[in-house]
Amino acid sequence: MKRYRIVESLMVALIVINVFLICLFFVIRSRTGLYSSGIHFPAPSGYSLGNEAVKESRALCSLIRLSSDGCPYCKVDRPFFIKLSQRAMRAGCAVVILPPKMGDIKASSGIPGVTELQFVTLPFGRALNPVMTPETVLVDNKTGEVVWDREGALDESSQSDGLRALSRFH
Amino acid sequence: MWKAVSYACERTECSGRRRSGWQPLGGYVCEDRRHVAIMNSLFTKLCVCLLMLSAVRLTVLTKQEMQQYRTDRSKYSALPHDSSLHGIDAGGNVITPGVGVDGRLKDGAFLVVFVVHRRDSLRDIEFWNHVSQAASVTRTLPRAQIRYWGVCDSGAACNVLQGRALFTVVGYLDPYQMHIVAQADQRHETLLYGPSTTLKTSVATATDAPREAEQILEGAKEGGA
């Protein structure tokens, strides 16, 4: 009986440890990466590539893309981004392309309906972490929360993740 | 015998201590205690082993995630030394601090970049006006050698205050530079860029204007450009 009790207690302790570790794992995971939970994105606004003022978008969501002319991966994943941006526009999202630094994008991307910003406000600059290109971030403009993000080039799998995330705005 | 009848045995074999959970309603058939005991013991051991394995695996995963978190924090929280000093001023024009052909700020100037908070914009403007005046009074460096950019935390909302400010009010910066300024603001720091447009130092924002000016001048004096 005593042995049974010990084993029972051991199992309970192990279950508690496992549950604690699972919770801890997800808490840490939510804080790693460029866009961890707690980041609040304002709707994008600023100045365009042609140095014209761009007012804050009133769209439901924003698909934000950090890209650069000198970034080969940005060219490789362009077809995926185009598909994602078309779906985003159909869902009522604003699609914004930004270079990390002024001059990193010289000419327009040529994607219709896309806003190209060159200068941003401080709250937007705080939320955006321009440490790599490409970065693709989907933001819910109502809450400012990052719904989905991809650090690095898009591929089939990340594109479908992005499309799935976009489906909540339909 | 228990092999032949599988999980059942005769009533007589169950005469020992019974556990109510094992008995079917109204029946005289009970489970073979020896078999159940063996199975129970096996399942218990298996459960304990699996729980231990999962605890070990989860510990490893959590440790890896923690390492990643620490790496990310140290990587992304450090202020980069390079810069991209382009912005939009209160008039809506693109501004740069004035870089010569040699890629250095003209006149060997320094650039102080800080945040003007819209909530306390008047107080901030007054404070930084005092800082720039105090820095010029000490004459450690000629006045023209320190330029000041006050980055508004609400875009164009501070533009109307340009007339009151002795420094350049900037509403927008490029994403890279704006992220650095925002990081510094979160730490209550002011950025000091040297003539080579690299970050010379970040100075803790003081509450006292002469003290802030002193810190900026000290930062400008230390080391090279």
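The structure presented is a predicted model; accordingly, all values stated were derived computationally and were not measured. Here the residue numbering is sequential within each chain, running from 1 through the sequence in written order. Written order determines the labels here, with chains lettered from A and ligands numbered from 1. Local features in this predicted model are restricted to residues of pLDDT 70 or higher, and side-chain atom pairs are both shown and tallied only at a pLDDT of 80 or more, whereas totals for entire chains, interfaces and linings draw on every residue. In computing side-chain values, all of the structure's heavy atoms are included and hydrogens and water are not.

Caption draft 1: Spotlight on the packing of helix H3 (residues 78-90) of chain A against helix H5 (residues 156-166) of chain A. Residue and element names in this part refer to chain A. What counts as an axis is a line fitted to C-alpha atoms, over the stretch in contact for a helix, and the angles between N-to-C directions run from 0 to 180 degrees. Working definition: helices are DSSP H or I runs of at least four residues, strands are E runs of at least two. Numbering for both runs from the N terminus. At a minimum axis separation of 10 Å, H3 and H5 run at an interaxial angle of 5 degrees. With respect to their mutual orientation, H3 and H5 come out roughly parallel. Across from Phe-80, Lys-83, Leu-84, Arg-87 and Ala-88 in H3, the residues of H5 making contact are Glu-156, Gln-159, Gly-162, Leu-163 and Leu-166. Partitioned by chemical class, the residues of the contact of H3 with H5 number five nonpolar, two polar and three charged. Oblique is the label for any angle not under 35 degrees, not over 145, and not in the 65 to 115 range, which are roughly parallel, roughly antiparallel and roughly perpendicular in turn. Any two residues having at least one pair of non-hydrogen atoms within 4.5 Å are treated as being in contact. Three classes are used: nonpolar for Ala, Val, Leu, Ile, Met, Phe, Trp, Tyr, Cys and Pro, charged for Asp, Glu, Lys and Arg, and polar for all others, with Gly counted as polar.

Caption draft 2: Representation of unusual backbone geometry within the structure. Between Thr133(A) and the following residue, Pro134(A), the backbone shows a cis peptide bond with an omega angle of -10 degrees. Looking at the element boundaries, Pro134(A) is found in the loop between helix H4 (122-127) and strand E6 (135-140). Unlike most non-glycine residues, His188(B) shows phi in positive territory, near 60 degrees. With respect to the helices and strands, the residue His188(B) is situated in the loop between helix H3 (175-186) and strand E8 (189-193). Here's how the labels work: a residue is buried when its accessible area is under 20% of the maximum for its type, exposed when over 50%, partly exposed in between, all with a 1.4 Å probe on protein chains only. Assessed through its relative accessible area of 57%, His188(B) is described here as exposed. The phi torsion at Thr197(B) lies on the positive side, around 65 degrees, for a residue other than glycine. As for its placement among the helices and strands, Thr197(B) is situated in the loop between E8 and strand E9 (199-204). Residue classification places Thr197(B) among the buried residues on the basis of a relative accessible area of 16%.

Caption draft 3: Highlighting the interface of chain B and chain A. At the junction of the two partners, chain B supplies 42 residues and chain A supplies 38 residues. A simple way to read buried area is as the amount of 1.4 Å-probe accessible surface that goes missing from two parts once joined, with both sides added. Summed over both partners, the interface of chain B with chain A buries about 3500 Å², with 73% contributed by carbon and sulfur atoms. Broken down residue by residue, the surface that chain B buries against chain A is led by Glu65(B), Tyr76(B) and Pro175(B), which jointly contribute 18%. Basic side-chain nitrogens of Lys or Arg form a salt bridge, by our definition, when they fall within 4 Å of a carboxyl oxygen of Asp or Glu. There are three salt bridges connecting chain B and chain A. In protein, a polar contact means a hydrogen-donor-capable atom and an acceptor-capable atom, both N or O and within 3.5 Å, with residues adjacent in sequence counting only if both atoms are side-chain atoms; elsewhere, any N or O pair within 3.5 Å suffices. Summed over the shared surface of chain B and chain A, the number is eleven residue pairs in polar contact (both at pLDDT 80 or more). Listing elements by their share of the side of chain B that touches chain A, those giving two or more residues are helix H1 (33-77), strand E3 (87-89), strand E6 (146-152), strand E7 (168-173) and H3 of chain B. Residue contributions to the side of chain B that touches chain A peak at 17 residues, all from H1(B). Tallied by class, residues from the side of chain B that touches chain A come to 22 nonpolar, 14 polar and six charged.

Just distances and angles here, no functional claims.
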